[in-house]
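Below, each chain spelled out in residue letters.
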Amino acid sequence: MRRGMRQLVGCAVAVGLFAIGLGAKAQQAPVNWTLASFVQGSSWYVYGVNLGELLRAALPEGSTVDTPPIAGGTGNPPLVAAGKADLALGIATVSGWAMEGKHAYEKPFPNLRGLIGGLDEYFLLPVAKGNRPADLDTFLKETPKARIVLLQKGSLGSLGGQQLLEIAGAGEKALADAGGSYEFGSFDMVKTRFAGGSADVFVQVVTVGHPAITEMGQSQQLTYLQPSDETLEKMREQFGWGVAVLPAGTFPGQEKDLKLPSSTTMLFTTAEFPADHAYFVVKTICEQTEKLRAAHEALRGFDCEKDKVWRQEVIGIPLHEGAERYYRERGWIQ
């Protein structure tokens, strides 16, 4: 009996040490996590690699945090829900779709839980090659046979681009009927098509400092297209996108502010992820934000307390109980 009690006490101490997170590593059990982000060339890939390094440095010896460049905004929720990744970066708007089983999803994923939100601001940005009309509707009217390039189907840039262009009157079928085209592929395909003059428009979800858009803007002239207020309102009503301003000068040759569909990056897991592990992840990020901020320009303003990263409207899905415990201990949730 006494031995059993000692074992129980020992387990409790070990759990407590893991929750504390940053000390006594030798007394903690190592973990092996997979953190899903997106393809190389994306901001999320940079986020994922650096977040993995931050967590590994704080975890017990022998722990691993793999950060494969897989899935993306629409692919990560089912990946995590099925247990094929422990953690993933997501978009608040899309994670809400996944919980409810709509738009990109044929069924709901009710076991998804948020850890931390508001890591950045994401914008759905349409760009055209060359010096073109800056108004999206005007551009599409003057280019009825536009050649649209999007990332592979299943990515958020692809889906968001299709939503935006459909509302603006240039959906895939309508464009094909007019002699235009859609092509789906990789960042390399997009850059090759633009450089060779065989594409007119690319739509992608971007952050400040997005590497692919920055590279394209440095090597050629781009026109950054402004959707109409009517289109922005329909994106909000039909799909739940927000609206935010991408400041002038964010990308090479971008001379004006742009009002665009928007959302924010969040980190999520499932309800089955242990509460102490969730607590540890949130604690590590919130108490070592300076290291995360250094990873990417879009993260430089991130602050757990200031950005109220636990709010439902910032995360898009219910908060994990372990994350909520940390926020309550800090006094941020009453």
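Residues numbered from 1 in each chain as written. Predicted model: local features only at pLDDT ≥ 70, side-chain atom pairs only at ≥ 80, totals over all residues. Heavy atoms only, no water.

1. What to know about the overall build of the protein
Item 1. A count of helical and extended segments in the protein gives 15 helices and 12 strands.
Item 2. Taken over the C-alpha trace, the protein has a radius of gyration of 22 Å; the compact-globule value for 334 residues is 20 Å, and the two agree within 12%.
Item 3. For the protein, the C-alpha atoms occupy an extent of roughly 80 × 35 × 35 Å along the three principal directions.
Item 4. Look at the contacts in the protein between residues 6 or more apart in sequence, and 76% of them connect residues 24 or more apart.
Item 5. Surface accessibility of the protein: about 14,400 Å² in total, with carbon and sulfur atoms responsible for 50%. (Helix = DSSP H or I, 4+ residues; strand = E, 2+ residues; numbered from the N terminus. Rg over C-alpha atoms; globule rule 2.2 N^0.38 Å. Contact = heavy atoms within 4.5 Å. Areas by Shrake-Rupley, 256 points an atom, 1.4 Å probe, with all protein chains shown as cover.)

2. A look at the packing of aromatic side chains
Item 1. Applying the stated criterion across every chain, the model contains 13 aromatic pairs.
Item 2. Arranged with centres 6.1 Å apart and planes meeting at 35°, the rings of Tyr182 and Phe184 form a pair that is tilted.
Item 3. By relative accessible area, Phe184 is classed as partly exposed at 22%.
Item 4. Centre to centre, the rings of Trp310 and Tyr327 are 5.5 Å apart; their planes meet at 45°, and the pair counts as tilted. Placement of the pair is Trp310 in the loop between helix H13 (304–307) and helix H14 (312–315) and Tyr327 in helix H15 (residues 321–329), with a sequence separation of 17 residues. You'll find Trp310 and Tyr327 in the same group, each marked buried.
Item 5. One Lys or Arg, Lys153, reaches over the ring of Phe184 and ends 4.7 Å from the middle of that ring. (Phe/Tyr/Trp six-rings, centres within 6.5 Å; stacked < 30°, edge-to-face > 60°. Buried < 20%, exposed > 50% of the residue type's maximum accessible area, 1.4 Å probe, protein only. Lys NZ or Arg CZ within 6 Å of the ring centre and 35° of its normal.)

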